[in-house]
Amino acid sequence: MHHHRAPSRHDAIALQAGILGSVLGVALFKAIALSALAAGSMMGIGLWMVACALLAAWALAAYLACLALSRRVFVLMLVLCTVLVICIA
C-alpha cells in the first residue's frame, strides 16, 4: 500500500495557523494578567471577560486548524508558545 505524504503546502498553512494561535494565546495570557487593572465598573469587567473569551476561542480555533493540518507543526508551535509564555511571565 502506498502512503501519500501530506503536501508541504499543508505544513505552511498549519504553521500560519499555529503562529496565529500562539500570538492569540500569548495575548490572552497577558490580558488575563492585566485583568486586575480592569477592576472598575461591571461594564468594564464584562467587556474584559468577553474580550478574553473571544481571544481564547480564536486561539483554540487556530490551534485546532493547525492540529488538523499537521501534528508535527502543532507540537512545534505548542512547545514554542509554552517557551514564549514562560519567558514573558
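What this report covers is the structure whose coordinates are included nearby. Just so it is clear, the structure is predicted and the values come from calculations on it, not from any experiment.

Quick look at the overall build of the protein now. A tally of helices and strands in the protein yields three helices and zero strands. For the protein, the sequential pattern of α-helices and β-strands runs α-α-α. Relative to its 89 residues, the protein shows a buried fraction of 27%. Summarising the internal contacts of the protein: among those between residues at least 6 apart in sequence, 71% fall at separations of at least 24.

Along the polypeptide, Ala59 turns up in helix H2 (residues 42-69). A relative accessible area of 8% places Ala59 in the buried class. Spatially, the C-alpha atoms of Ala59 and Leu24 are 5.2 Å apart, while their sequence positions differ by 35 residues. Every residue in contact with Ala59, bar those within four places of it in the chain, is listed here: Gly21, Leu24 and Gly25.

Structurally, the position occupied by Ser70 is in the loop between H2 and helix H3 (71-88). Sequence-distant contacts of Ser70, that is, excluding residues within four places in its chain, are made with Asp11 and Ala14.

Okay, the packing of aromatic side chains next. Taken as a whole and judged by the stated rule, the model has one aromatic pair. With 5.9 Å between their ring centres and 90 degrees between their planes, Tyr63 and Phe74 make a pair best called edge-to-face. Residue Tyr63 is found in helix H2, and its partner Phe74 is found in helix H3; the two are separated by eleven residues along the sequence. Owing to a relative accessible area of 12%, Tyr63 belongs among the buried residues under this scheme. On the basis of relative accessibility, which here comes to 17%, the residue Phe74 falls in the buried class.

This part is about the nonpolar core. In terms of nonpolar packing, the biggest core is built from ten residues, these being Ala14, Ala17, Val26, Tyr63, Cys66, Val73, Phe74, Met77, Cys81 and Val85. Mapped onto this core, the elements with two or more residues apiece are helix H1 (8-33), H2 and H3. With five residues, the top contributor of residues to this core is H3. Once you skip the residues sitting within four places of it in the chain, Cys66 turns out to touch Ala14, Ala17, Gly18, Val73 and Phe74. Formed by six residues, the second largest nonpolar core is a distinct cluster that contains Leu28, Cys52, Leu55 and Ala59.

Parameters and conventions
- Residues numbered from 1 in each chain as written.
- Predicted model: local features only at pLDDT ≥ 70, side-chain atom pairs only at ≥ 80, totals over all residues.
- Heavy atoms only, no water.
- Helix = DSSP H or I, 4+ residues; strand = E, 2+ residues; numbered from the N terminus.
- Buried < 20%, exposed > 50% of the residue type's maximum accessible area, 1.4 Å probe, protein only.
- Contact = heavy atoms within 4.5 Å.
- Phe/Tyr/Trp six-rings, centres within 6.5 Å; stacked < 30°, edge-to-face > 60°.
- Core = buried A, V, L, I, M, F, W, Y, C linked by side-chain atoms within 4.5 Å.

Take it as geometry only, folks, not as evidence of what the structure does.
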